[in-house]
Each structure stands twice: as C-alpha cells, then as structure tokens.
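Residues per chain are reported as follows:
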Amino acid sequence: MMLPNAKLLSSSAKFLPSPVEPPQLSRRTTVGASPSLERNCKLSRRNLSKSSLLLLLTTQTTLTPLLDFSKAQADTIDNPNPTNCENRIPTKKAFIDVSIDGEPIGRIIIGLYGDDVPAGTARFSSIVSGKAGISYRRKDFVKIMPGYVQHGGIRSYGVDAERATAAVGSLQNLIEEWERGKRGEICNENKAGSVGIVVRDPSKPPPKTKLVARNGKLQVEEEVIAVGPNGTEFVITAVDSPELEDSVLVIGKVLEGMGVVEKMREVKTVRDNTSSPYFRVAKVIGDKRAVVAERGFNRPYSKVVVTNCGLIESQTL
C-alpha cells in the first residue's frame, strides 16, 4: 500500500538538511556541560538555538578568567615598577605664616621631599628662605578653590621675575621632574595636604602637539598657549585633587597647620562663572572682557598673605 503524497515527500526530502553532529568539545571545556550536548541530534532551529547558547555560556565561563589574567598581566607590563607614595620621607622642613586682612591665623609647616624631587625642592627652598634674592613673604594667595589654595608666587615681570628665572633649580629641571611624575617614574599624587609647585596653568588645558611644515620638513611642535607660570607659584591641597596632576609637581606635604588651610578656604571668593552660556560665547569670540573676568574667578575678597616664611633648621623631621 502506497502512502498518500509520496511523490511530494520524496521531492521535499532533497531540500532537508542532513543530520549534523554538534561540535565536539574538549574535556576541559565540557566540564559541567549539559548532557544534551553529548547527544547526536538533527539540526533544527530550536536545537541549534539551545546548543549554541549553552556552548556560548560554557566557553565564556572558561575564557573569562583567562581574559582577566591577560588584562592584569598587561597592566603589570605597562607599569612594572609602580611608585609607592607612602615611602617618601621629608628631608627638610619649611614654614609659612599666614594672615587674613592683617590678622594672623597661624603657621603651616611643610616637609619637603628632597630625595624624590631634588630640583623642585631646591627651587622652593631657595625662594622660601630668600636665598634666591626673592621670597614668598608679603605676597598673596590668589586663588581659593574648593579643593586647594594657590599662592601667586613671584610676578612674571620686572627684576623679581628675572631672579625667579635664575632661582636654584632651573625651570627646565622642574618640568622634567613633573614629566617623570606623569610617566609614573616618581610619585606625583595630589593627596590631601600635598604641597606642589605649579608647572602649568591649572585653568588652561595642557598644550597639544601639532604637525607643522618648516624648511621643507615636517616637525612635531607643541601649541603655545599664552605664557606659563614661572615655577614660583605653589598650591596646598585640602582634599585629594587628582585634577592638579596635569599642572603641579608635588614637592612635599603639610606636617602641621591644616587648620590654617581650612581657615583660608572659608574666605569668600569671586564666583566662578565659567558655566554661564554668555561667558562661554564671549570666550569663544575672543571678547577681552571674558578673559579679564576669568582671571578674577575664585580670587579671595580678603587679603590672604604670607607674612613670614623660611626653612626650619632641625635634624628631627
């Protein structure tokens, strides 16, 4: 007896896929796999979906630890000798006495890392002691930021500016130490209580490199963004301020007097209006009023001055 529609079934069979065995997994890969993968079955859409999903999950479970290990190994290769900031030991101490509108508020004692950043420490020491012919004495703190206070250093014109340039520890050596910190060769973490010399202007982005044609040759140069600091400004952080790592070289830490720093932070300042759309438009079109206004942002209304400063001659640090 013939089955009905036998001819139709016979022709349709030509288009049916032949049975395909699921991929054979190694012993290591099939640990914990479902028995359904071990059975031979015909390739259907439902079976293919289930088998593929289970294979994906099994493979991901096996490979994830390997990927994590590779990432950790890559991190180790990128930074084979990570710097340990906890090992830094101050080699000398400095002090600065501060007043607000003529009223003394206390003394800040700073420990300087002479062994870790010799150029930066030598430069700061020569100025705070007056050895360079200039001093921080009777000069102002010009910015009171939420996370740190910034001293104005020596003005960038006149005789004082020339003496600042000639101060112990050249500006180039200062920049080289700061670049070493950016590469991770020395510790340059701006933790709470850190003291650092301003190498780049924190309010401006770091200069970008550009490719220029000069004398028939292509050269890589840095964009010039106004005049940078002269290596005499310094900051004292009240909280962790990693945003300063692109502009500041850490040379020491506050040993005593964080209460003085807190009093300085309480001084009222000119409101920062950089988020205003009107200011941003004026800045883009080059309106000089915006540039002048920006210089005044975060400046204290009160006179915050270093009344006295120097090095502490002591063998006990």
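Rules used in this analysis
- Residues numbered from 1 in each chain as written.
- Predicted model: local features only at pLDDT ≥ 70, side-chain atom pairs only at ≥ 80, totals over all residues.
- Heavy atoms only, no water.
- Helix = DSSP H or I, 4+ residues; strand = E, 2+ residues; numbered from the N terminus.
- Contact = heavy atoms within 4.5 Å.
- Areas by Shrake-Rupley, 256 points an atom, 1.4 Å probe, with all protein chains shown as cover.
- Buried < 20%, exposed > 50% of the residue type's maximum accessible area, 1.4 Å probe, protein only.
- Pairing = 2+ DSSP bridges.
- Phe/Tyr/Trp six-rings, centres within 6.5 Å; stacked < 30°, edge-to-face > 60°.
- Lys NZ or Arg CZ within 6 Å of the ring centre and 35° of its normal.
- Axes fitted to C-alpha atoms, helices over the stretch in contact; angles between N-to-C directions.
- Parallel < 35°, antiparallel > 145°, perpendicular 65-115°, else oblique.
- Left-handed = near helix turned anticlockwise from the far one by under 90°.
- Nonpolar A, V, L, I, M, F, W, Y, C, P; charged D, E, K, R; others polar.
- Core = buried A, V, L, I, M, F, W, Y, C linked by side-chain atoms within 4.5 Å.
- Lys, Arg positive; Asp, Glu negative; His and termini not counted.
- Salt bridge = Lys/Arg side-chain N within 4 Å of Asp/Glu carboxyl O.
- Polar contact = N/O pair within 3.5 Å; in protein donor to acceptor, adjacent residues only side chain to side chain.

By the naming in an unreviewed UniProt entry, the protein goes by Cyclophilin-type peptidyl-prolyl cis-trans isomerase domain and is assigned to Arabidopsis thaliana x Arabidopsis arenosa.

Draft legend 1. A look at the overall build of the protein. Regarding its fold elements, the protein presents eight helices and 10 strands. A separation of at least 24 residues holds for 72% of the contacts in the protein among residues at least 6 apart in sequence. For the protein, the exposed area adds up to about 20500 Å²; of that, 54% sits on carbon and sulfur atoms.

Draft legend 2. Just the pairing of strand β4 (residues 148-151), in detail. Of the two faces of β4, the one carrying Tyr148 and Gln150 and the one carrying Val149 and His151 are both buried. Hairpin connection, strand β3 (residues 139-144) to β4: the antiparallel pair is bridged by three residues. The sheet contact formed by β4 and strand β8 (residues 234-237) spans four bridges and is antiparallel. Counterpart to Val149 in the pairing with β8 is Ile236.

Draft legend 3. Quick look at the packing of aromatic side chains. On inspection of all chains with the given rule, the structure shows four aromatic pairs. Look at Phe124 and Tyr136: their rings are 5.5 Å apart centre to centre, the planes differ by 35°, and that puts the pair in the tilted class. Of the two residues, Phe124 is situated in helix α3 (residues 118-128) and Tyr136 in the loop between α3 and β3; the sequence distance between them amounts to 12 residues. Aromatic side chains Phe141 and Phe234 sit 5.9 Å apart centroid to centroid with 80° between the ring planes, which places their arrangement in the edge-to-face category. Taken together, the residues span a long stretch of sequence, with Phe141 in strand β3 and Phe234 in strand β8 at a distance of 93 residues. Among the residues examined, Phe234 registers a relative accessible area of 0% and is labelled buried. An aromatic cluster is defined as three or more aromatic residues linked by ring pairs; in this entry it consists of Phe124, Tyr136, Phe141 and Phe234. Lying over the aromatic face of Phe95, Arg107 brings its terminal NZ or CZ to 4.0 Å of the ring centre.

Draft legend 4. Region of the structure containing the packing of α3 against helix α5 (residues 171-182). Where α3 contacts α5, the two axes come as close as 8 Å, and the packing angle between them is 135°. Regarding the angle of α3 to α5, the classification is oblique. When the axes of α3 and α5 are compared, the crossing they make is left-handed. Counting all contacts with α3, which are made through Pro118, Ala119, Gly120 and Arg123, the residues of α5 involved are Leu171, Asn173, Leu174 and Glu177. Its residues assigned to classes, the contact of α3 with α5 shows four nonpolar, two polar and two charged.

Draft legend 5. Just the pairing of β8, in detail. Neither face of β8 is exposed, since Phe234 and Ile236 on one face and Val235 and Thr237 on the opposite face are all buried. By the bridge criterion, three bridges tie strand β5 (residues 194-198) to β8 in an arrangement that is antiparallel. Bridging across to β8, Val195 finds its partner in Ile236.

Draft legend 6. Main features of the nonpolar core. Membership of the largest hydrophobic core comes to 41 residues, with the highest contact counts inside it found for Ile96, Ile108, Phe124, Phe141, Ile236 and Met264. Membership of the second largest hydrophobic core comes to six residues, among which are Met145, Tyr148, Val198 and Leu244.

Draft legend 7. Region of interest: the environment of Gly120. Within the fold, Gly120 resides in helix α3. Judged by relative accessible area, which is 0%, Gly120 ranks as buried. Between the alpha carbons of Gly120 and Val250 there is a distance of 8.2 Å; along the sequence they are 130 residues apart. Setting aside its immediate chain neighbours within four residues, Gly120 contacts Leu174, Glu177, Ile197, Leu249 and Ile251.

Draft legend 8. Geometry of the side chain of Glu177. By secondary structure assignment, the location of Glu177 is in helix α5. The buried charged residue Glu177 lacks any salt bridge partner; its closest oppositely charged side chain belongs to Arg180, at an N-O distance of 5.4 Å. Among the polar contacts listed, one links the side chain of Glu177 to the backbone nitrogen of Gly120, at a separation of 3.0 Å. Discounting residues that sit within four places of it in the chain, Glu177 has contacts with Val117, Pro118, Ala119, Gly120, Ile186 and Leu249.

Draft legend 9. Up close: the sheet that holds β8. The strand order around the closed barrel built from eight strands is β1-β2-β9-β5-β8-β4-β3-β10, with neighbouring strands paired in antiparallel fashion. Taking the axes of each pair of neighbouring strands and ignoring which way they run, one obtains an average angle of 35° across the sheet. Relative to strand β10 (residues 304-312), strand β1 (residues 92-100) runs antiparallel, the two sharing eight bridges. Across the sheet, the residue bridging to Asp97 is Asn308, located in β10.

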